[in-house]
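What follows is the residue order along each chain.
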Amino acid sequence: MDLSKVFRLLNQERIVFLLTLLLFAAFSLTLNNFLSAGNLLSLVRSVAVLGILGLGMLIVVLGRGIDLSLVATMAISVAWAMQLVSQGMPVYAAMTSGLLFALGISLVTGILVAYAEIPPLFATLAMATFIYGFGRAHMITGTDVVYMPKNMGWIVELGQGHFLGLPMPILVAAGMALAVFLFLKYTKLGAFIYAIGDNLSASRIGGIPVRPMLALQYVVSGGIAFVAGIITATSVEAMNTRVVNSNMIYDVILVVVLGGVGLSGGRGNVRNVIVGTLLIGVLMNGMTIMDVEYTIQNVIKSLILLLAIVVDSIVNPRDEQTGQQGDI
Amino acid sequence: MGKTGFMKLTATALAALAIGATAVNAADDLNDPYRGPALEALQGKSIAYLPISIGFDLAQAWGGVVKTESERYGMTFTSQDPNWNTDAMAQGMTALIAERPDVIVTQNPDMQSLARLMKQATKAGIVVVQLNMQGAVQTDAFVGPDFIAMGEQAANMMLEKCGAGTDTSHKVAIVQGVLTGGVSYYQVQGMMKVFNEHPEIEIVSSQAADWDASKARAITETALQQHPDMCGVIDVWDGQGIGTGAAIKQAGKQGEVFFITSGGGAQSMCNGLEDGTYSAVINYNAPGMGRDAWTAIMVALQNGQGAGAIKTQIYSPTRVMTKDDVQAGTCWDPEQYAKILR
């Protein structure tokens with residue numbers, strides 16, 4: 001069999017998927033209890049929030065953008081909503097306020113990108129700092145960790161409950177993945193996003209309302225960030241706004257890029273995000289079981305990313321088209 | 001002069017004498033000769049507060065107490081918030097040295113970052129009080145728990161529940177903060193000192209959760225999956241431990257797994273004890289640390305020896321608490337101190 005033909009079959013998604021299977025097999029053979037149902041559930045559960053954020057990032061990246069404000073939106077909107085509840089606001093009103101804040105602030109981001117034409121990298125970087133700074137200064141008045149009030153009602157189940165034996169965060173993530181998949185594949189708006197990411201000028205000439213569509217992408221990702229935040233907060237009974245300072249946003253980009261979504265836009269789908277998320281999940285779970293030090297975990301994680309990118313650039317060399325579009 | 005005239009004079013003289021005597025007595029009563037110099041040593045002095053972040057409960061309590069007291073004695077109090085950014089903190093410290101406040105109250109992010117700057121500050125005649133974690137240089141005062149001893153204490157508490165004499169698996173997990181941070185590092189050092197002398201204890205997991213409750217939750221969930229017979233878990237900070245406790249609860253092991261953590265005693269700590277998230281905590285009482293810091297400032301400004309002449313380690317008293325110790329008002333409300341600092 002011709003080796004180059006094998007190579008052609010290997011895109012980054014398949015490489016990463018193979019890598020995931022290899023790691024999975026290796027861990028199954030070497031680690032006790034790795035294959036137990038309980039561990040597999042906790043494996044998926046531990047990356048559910050990352051996966052949900054990855055879906056938000058996917059929608060933006062497909063339109064040739066990037067959203068570095070996802071984690072800030074998630075942390076501040078949910079922390080604020082929980083603080084409103086502890087200050088006596090009814091749960092539904094508080095949650096609606098949090099969601100509206102997330103949607104509103106991402107609309108501002110979207111307008112900056114779509115109408116003011118600020119490059120997404122800078123617009124969202126600035127907005128991330130703004131959201132965190134404004135939130136900490138004017139919205140979250142106590143400590144930077146907002147603890148979950150006791151009277152949150154059924155919403156707590158989103159983070160802690162089970163349905164048919166499956167933890168709710170996994171089900172929420174799966175539901176979101178399905179919704180985003182259907183949105184991208186079967187709606188006109190989804191097709192527009194691909195078109196814009198592929199060729200913005202052609203889309204505009206073709207009659208697609210490019211600017212509103214760009215703004216919409218950020219609003220959708222802001223809404224997804226709010227859901228991810230609710231899952232985080234109800235799982236650990238607190239929202240730590242300090243997470244904005246962590247490298248979580250890079251982990252989100254990592255699962256998206258790792259899965260094979262092109263940062264140059266127009267290429268990728270929900271499956272890519274799932275594959276990327278699973279690899280990180282398997283890797284982190286295995287290393288936690290092996291009791292690998294945290295700093296070493298980060299090194300291994302980044303080496304895997306580099307490996308995937310190097311293999312991808314060998315089997316899929318850059319052509320004129322990708323060169324012209326340019327990556328970030 | 002008639003008889004009445006003489007009597008009048010005598011009466012007046014007696015009255016005057018009595019009034020005069022009272023006045024003299026009053027002066028004796030009210031004039032505390034030590035108060036004046038003390039007030040003078042404090043009056044008009046400036047305190048600059050530079051913790052690693054003003055957004056978390058401990059720093060809010062320390063700063064809140066010091067600010068309230070300093071304003072009582074006519075001192076100025078300014079604060080900066082580097083928001084967990086070590087570089088911003090070092091810049092802030094450099095700027096402060098140029099501004100020359102009389103006192104800098106700071107909190108080291110690690111051993112080295114501020115060491116050189118604190119030396120410079122002392123040389124410039126600024127009193128430096130270090131909170132919670134000591135840098136590689138000793139200044140006028142260090143105020144904070146003896147974290148190594150606290151780690152030993154937590155480990156000894158764990159020995160009682162999971163040690164040789166108990167009918168348990170003797171399996172213990174440790175959830176660290178960040179590996180390089182002294183608060184976490186020294187506690188774990190203290191724990192390991194004890195556990196190394198007790199080979200029956202099996203440390204099945206010792207991972208850093210980066211001060212993040214979500215990571216702590218994921219790590220503990222996996223550790224509990226691997227070792228369903230886990231006996232106990234120690235987390236080095238209650239703010240992160242809320243995630244560790246959530247994992248124990250969600251695994252249905254609340255009450256079975258003994259969970260020890262430590263913190264400054266904010267309301268969230270009492271809530272966690274009450275709902276069973278924490279089995280026991282070591283409380284180092286952050287407002288008490290604020291008081292210790294204020295005491296250190298008063299001592300340094302009044303002793304007249306100059307900055308850095310007298311160096312003291314002020315280790316914070318700690319108190320072990322369980323659910324039974326929680327009453328209304330046992331813990332403090334961070335928002336109250338956050339308001340003072342705002």
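A quick note: this is a predicted structure, and the numbers were derived from the prediction, not measured.

(A) View of the interface of chain B and chain A. Counting residues at the interface gives 30 residues for chain B, matched by 31 residues for chain A. Listed by contribution, the elements that provide at least two residues to the side of chain B that touches chain A are helix H3 (57–72), strand E7 (202–208), helix H8 (213–226), helix H9 (238–250) and helix H12 (334–341) of chain B. Considering each element in turn, the side of chain B that touches chain A owes the most residues, 9 residues, to H8 of chain B.

(B) Quick look at the packing of helix H12 (residues 210–236) of chain A against H8 of chain B. Closest axis-to-axis distance for the H12 of chain A/H8 of chain B pair is 10 Å, and the angle between their directions is 65 degrees. As H12 of chain A packs across H8 of chain B, the resulting crossing turns out to be left-handed. Judged by residue contacts, Thr232, Ser235 and Val236 of chain A of H12 of chain A engage Ala213, Ser214 and Arg217 of chain B from H8 of chain B. Of the residues contributing to the contact of H12 of chain A with H8 of chain B, the split by class is 2 nonpolar, 3 polar and 1 charged.

(C) Here's a closer look at the sheet that holds strand E5 (residues 141–144) of chain B. Residue and element names in this part refer to chain B. Strand order in the open sheet made by the 6 strands is E2-E1-E3-E4-E5-E11, with parallel pairing throughout. A single partner strand is all that each edge strand has here, and the edge strands are strand E2 (76–79) and strand E11 (312–315). Across the sheet, the axes of successive neighbouring strands diverge by a mean angle of 15 degrees, strand direction being ignored. Here 4 bridges tie E5 to E11, and the two strands are oriented parallel to one another. Each bridged residue has a counterpart across the sheet, and for Phe142 the counterpart in E11 is Gln313.

(D) Molecular detail of the sheet that holds strand E6 (residues 171–176) of chain B. Residue and element names in this part refer to chain B. Ordered by their spatial adjacency, 6 strands build an open sheet running E7-E6-E8-E9-E10-E12, and the pairing between neighbours is mixed. With partners counted over all chains shown, the strands left at the sheet margins are E7 and strand E12 (319–321), one partner each. Strand-to-strand twist of the sheet, defined as the mean angle between neighbouring strand axes without regard to direction, takes the value 15 degrees. Contacting E6, strand E8 (232–235), strand E9 (258–263) and strand E10 (280–283), helix H6 (residues 147–162) crosses the sheet at an angle of about 165 degrees to E9.

(E) Layout of the nonpolar core. Ranked by size, the top nonpolar core spans 209 residues in total, and within it Ile52 and Val252 of chain A together with Val129 and Ala293 of chain B carry the most contacts. The element best represented in this core is H12 of chain A, accounting for 15 residues. Taken together, domain 2 (45–145 + 287–317 + 334–341) and domain 3 (147–283) of chain B each give at least three residues to this core, which thus spans both. Ala293 of chain B has contacts with Trp62, Val66, Val105, Val129, Leu131 and Val143 of chain B, leaving out every residue within four places of it along the chain.

(F) Spotlight on the pairing of strand E4 (residues 127–131) of chain B. Residues and elements named next belong to chain B. With 5 of 5 residues buried, E4 is to be regarded as a mostly interior element. With burial as the criterion, each face of E4 is covered, one bearing Val127, Val129 and Leu131 and the other bearing Val128 and Gln130. Bridge count between strand E3 (residues 103–107) and E4: 5 bridges; the pairing is parallel. Residue Val105 lies in a different strand from E4, and its bridge partner there is Val129. With helix H5 (residues 115–123) bridging E3 and its parallel neighbour E4, the resulting β-α-β unit is right-handed. Bridge count for E4 against E5 is 3 bridges, and the pairing is parallel. By the bridge assignment, Val129 is partnered in E5 with Ala141.

(G) Structural detail: the packing of helix H4 (residues 86–99) of chain B against H5 of chain B. Residues and elements named next belong to chain B. Running from N to C, H4 and H5 cross one another at 10 degrees; their axes reach a closest spacing of 10 Å. Our classification of the angle between H4 and H5 gives roughly parallel. Along its contact with H4, which presents Ala90, Met93, Thr94 and Ile97, the element H5 presents Leu117, Gln120 and Ala121. Class assignment of the residues belonging to the contact of H4 with H5 gives a composition of 5 nonpolar, 2 polar and no charged.

(H) Region of interest: the pairing of E10 of chain B. Residue and element names in this part refer to chain B. Side chains Ala280 and Ile282 project from E10 onto one buried face, and the interleaved Val281 and Asn283 project onto a second face that is buried too. Pairing geometry for E9 and E10, over 4 bridges, is parallel. Bridging from a neighbouring strand, Thr261 pairs with Val281 of E10. Viewed along the sheet, the connection from E9 through helix H10 (residues 267–274) into E10 turns out right-handed. Where E10 meets E12, 3 bridges bridge the pair, whose relative direction is antiparallel. Note on E12: the bridge partner recorded for Ile282 is Val320.

Cut-offs used in this document
Residues numbered from 1 in each chain as written. Chains lettered and ligands numbered in written order. Predicted model: local features only at pLDDT ≥ 70, side-chain atom pairs only at ≥ 80, totals over all residues. Contact = placed C-beta atoms within 7 Å. Helix = DSSP H or I, 4+ residues; strand = E, 2+ residues; numbered from the N terminus. Axes fitted to C-alpha atoms, helices over the stretch in contact; angles between N-to-C directions. Left-handed = near helix turned anticlockwise from the far one by under 90°. Nonpolar A, V, L, I, M, F, W, Y, C, P; charged D, E, K, R; others polar. Pairing = 2+ DSSP bridges. Core = buried A, V, L, I, M, F, W, Y, C linked by C-beta atoms within 7 Å. Buried ≥ 20, exposed ≤ 12 C-beta atoms within 10 Å, placed from the backbone. Domains from an automatic or database assignment. Right-handed = clockwise from strand over helix to strand, strands pointing away. Parallel < 35°, antiparallel > 145°, perpendicular 65-115°, else oblique.

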